[in-house]
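Inside the fold
What follows is the residue order along each chain.
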Amino acid sequence: MRRALALARVLIAFWVTAGGAAAQSYDYPFSDPYVATVVGTPKEYQAELPKQIPIEQHSISIFKDREPPEVFWYDDQLHYSYAVQDGPAPLVFLIAGTGGSYAGEKNRMMARAFYQAGFHVVSLSSPTFMNFIVAASETGVPGHAYQDAEDLYRVMERIWARLKKDVQVTDFYVTGYSLGGFNTAFVTWLDERRKVFRFKKALLINPPVRLYSSISLLDRMTQNIPGGVDNFNRFFERLMKGFSEIYKRSDQLEMGPDTLYRAYKALHLKDEQVAALIGVSFRLSSATLAFTSDVINDFGYIKPKNVHLTKNTSLDVYSRVAHRLGFTDYFHYVFYPYFKAKDPSLTRSGLIEEMSLADMEDYLRGAQKIEVMHNQDDIILQPGEIDFFRRVFGERATIYPKGGHCGNMAYRDNVAHMVGVFKQ
Amino acid sequence: MGKSMEARRAGLLGFIVLLAAVGCSTAPVQEGPVVEPIFPASKVLDPRTHYASEVYDPWEGFNRTIYRFNYRFDRYVFLPAMNVYKAVTPDVAEKGIHNFFRNIVDVSTLINCILQGRPDTAVVTLTRIIWNTTIGLGGLINVASALDVPRPEEDFGQTLGRWGIGAGPYLVLPIVGPSSVRGAIGFGADFLMVTGIRDWAIDLKTWQSMTLTVLQSIDIRAHIPFRYYETGSAFEYDMVRWLYSTKRELDIEK
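These figures come from a predicted structure and were not determined experimentally.

1. Considerations on the overall build of chain A
Helices and strands together make up the secondary structure of chain A, namely 17 helices and 9 strands. Looking at chain A as a whole, 50% of its 424 residues are labelled buried.

2. Overview of the nonpolar core
Core analysis: the biggest nonpolar cluster contains 125 residues, and A:Val92, A:Leu94, A:Val121, A:Leu124 and A:Ala290 have the highest contact counts within it. In terms of residues, this core owes the most to one element, helix 11 (residues 271-297) of chain A, which gives 13 residues. Those residues within four positions of A:Val92 in sequence are excluded, and the remaining contacts are A:Phe114, A:Phe119, A:Val121, A:Tyr173, A:Val174, A:Thr175 and A:Phe422. Core analysis: the second largest hydrophobic core is formed by 11 residues, B:Ile97, B:Phe100, B:Val107 and B:Leu110 among them.

3. Quick notes on unusual backbone geometry
Leaving glycine aside, a negative phi is the common case for residues, and trans is the common case for peptide bonds. All names here are of chain B. Despite not being glycine, Leu137 has its phi angle at roughly 50 degrees, a positive value. Counting through the fold element by element, Leu137 comes out in the loop between helix 5 (119-134) and helix 6 (143-146). At Tyr229, a position not held by glycine, the phi torsion is positive, near 60 degrees.

4. Regarding the domain arrangement of chain A
All names here are of chain A. One can read the domain layout of chain A as domain 1 (33-210 + 357-423) and domain 2 (215-342). Distance between the C-alpha centres of domain 1 and domain 2: 23 Å. At the level of secondary structure, the elements contributing two or more residues to the side of domain 1 that touches domain 2 comprise helix 3 (33-39) and helix 5 (130-136). In the side of domain 1 that touches domain 2, the residues fall into 14 nonpolar, 12 polar and 2 charged.

5. Brief notes about the pairing of strand 3 (residues 177-180) of chain B
Remark: a regular strand shows side chains that alternate across the two faces of the sheet. Residue and element names in this part refer to chain B. Direction of pairing for strand 2 (residues 170-173) relative to strand 3: antiparallel, over a ladder of 4 bridges. Its bridge partner being in strand 3, Val172 is matched across the sheet by Pro178. Between strand 2 and strand 3, which pair antiparallel one after the other, the connecting turn spans 3 residues, and Ile175 there sits at a positive phi close to 65 degrees.

6. Some details on the sheet that holds strand 4 (residues 120-124) of chain A
Residues and elements named next belong to chain A. Read across the sheet, 8 strands follow the order 1-2-4-3-5-6-8-9 without closing on themselves; strand pairing throughout is mixed. Each end of this open sheet is capped by a strand with a single partner; those strands are strand 1 (56-60) and strand 9 (397-400). Within the sheet, the average angular offset between the axes of one strand and its neighbour, ignoring direction, is 20 degrees. Where strand 1 meets strand 2 (residues 78-83), 5 bridges bridge the pair, whose relative direction is antiparallel. Paired with Gln57 across the two strands is Ser81, which belongs to strand 2. Contacts from helix 7 (residues 179-194) reach strand 3 (89-95), strand 5 (169-177), strand 6 (201-205) and strand 8 (370-375), with the element oriented near 140 degrees to strand 5.

What counts, and at which threshold
- Every chain's residues receive numbers from 1 upward, in the order its sequence appears when written.
- Chain labels run from A onward and ligand labels from 1 onward, assigned in the order the entries are written.
- Only residues with pLDDT of at least 70 are given local features in this predicted model, and only at 80 or more are side-chain atom pairs given and counted; all residues enter the totals for whole chains, interfaces and linings.
- Per the convention used, a helix needs a DSSP run of H or I reaching at least four residues, while a strand needs a run of E reaching at least two, with both numbered from the N terminus.
- Residue burial is a threshold on neighbouring C-beta atoms within 10 Å of the residue's own C-beta, all placed from the backbone, with 20 or more meaning buried, 12 or fewer meaning exposed, and counts in between meaning partly exposed.
- For the purposes of this analysis, a nonpolar core is taken to be any set of buried Ala, Val, Leu, Ile, Met, Phe, Trp, Tyr and Cys residues that are connected through C-beta atoms within 7 Å.
- Our contact criterion uses C-beta atoms placed from the backbone: two residues qualify when those atoms are within 7 Å.
- Note: domain ranges come from an automatic or database domain assignment.
- We call Asp, Glu, Lys and Arg charged. Ala, Val, Leu, Ile, Met, Phe, Trp, Tyr, Cys and Pro are nonpolar, and the rest, Gly among them, are polar.
- Between any two strands, pairing holds if DSSP finds at least two bridges.
- To get an axis, a line is fitted to the C-alpha atoms, and for a helix only the part in contact is used. The angle between two axes follows their N-to-C directions and goes from 0 to 180 degrees.

As structure tokens, this is what we get:
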């Protein structure tokens, strides 16, 4: 009986899939968006990409005569990487997501994909990555849509000035994932005014709509920690034990979303703990971001004002406090006061609305060069927010049924689409 | 000649004294009236909570100084040497050299297994050594791993841990990196053991032995992906300290 039932189920499944083959051919394996976000794309589902490309790492001074704070002495220059083709070719800039490095897993995957497709590739860190904040942020207060775009544009111009002696470029393109996708929209908008690159196309991959909505969601994810946020340390200890297991085998030691897959496998987590893990990984980013910004501007947020940290200062206590605070704390106690001081007419809700793709909706509606690649079940979007992309971008938005937040980026179809948008 | 040697020695001594002096202070510098921050530790943290990140590090200033030295050594000496080594050595030779050194380390693992009273692990390791030394042509080919013989790693620091000796304060060793007092003693013992075995087995002159040690260090570095100040964390020193200590605890428990 059981067997017959199972057989019937298989047959029905087969019949359904065969019937709806065109609609259902997207077979990215995870339908739980949290698992997708953490696990990403298993190897057998990934696009085939070259293992090695001739990628070079470089550093550049962005602000001459600017000294980093003593405690961050090592971040005096901005790090980036590039891979160039032999002859003339189009060039694509890649922008990493929240707290992401130019050399993070997703950027490296994209670099390989675009390089294989015949593009020169320049990989950039997120404006929220510590090295970028210290070396390339004009204000030292990252997360401002328009200001971050200014910083990124400056960096792109400087890197291009260096490259153009040796590299022949036919057209420029720009793309980024997560916050990097959000940045991409504002950088493209800025380029319409500055006209240095005249980007031929831009692709936003899994961007947030309103930054404040997304950071609120991410902050709340830490509440899934077993026993509540007061057990953060216990949970963290367990995570760190897992991380240290991974650390032995890992090919890099970057603390951020990229570490998640290995952690997930090593720790055998339950579903709600997966959400907590995502929250914690973003907490690692927010802790560094807020503390770095605090130190640069001497706000008195975590570090007392007028206290100068030396190269040898113990950061233990600051680290503990920083990991207890979220992105929204940074928004209310650092970000908003900083921009309010510059423009007294600014209101809190006004600033929240301004840090949003909706703030430039009219531009996005008409910008034929900008396309979107997103997922219906992205966990950094509030319910219904995904419709913004359908409404504003129409045909230019490709929305996959699953994949969570950036989980399906390395999946065959997604990589093909990503490259296809710029190859048109 | 003799004088310059002496001067150099005096210089080195001075350097160490200077390190100790400079390295002492982990306190920040006050540059005006100190105002309580918006989120002071006293409000945010519960003093009764035990923090996972607490690692006994009474010599933090010194350790942080060495950490920076290691970064510079890495950047200007170690990594360039590694790149040259990788560029001039054919991949096959690189692999052979790596296997050769690992085979010698396996011998020290074997000794440590015996010291820890772990016959099972000792037998596995001995099997490895026999395969690799005979069919593997003196260790150049890793036959054992091809045959799925596992590769346990036991060092003298772990042996001391198994004997119930505590880690002692956290210690960043020059060039070597994160360690503890126990780890440092273990490292020294293993180093003597490995070079002793190596030089006894293949009968080396002093300069040859030293060359091999340099080569072995480069080989080890080439297999550690970690790069200083590239984690993107403002708290990298703390994180590395925590990771190292947790990992060592786990290694010893294992």
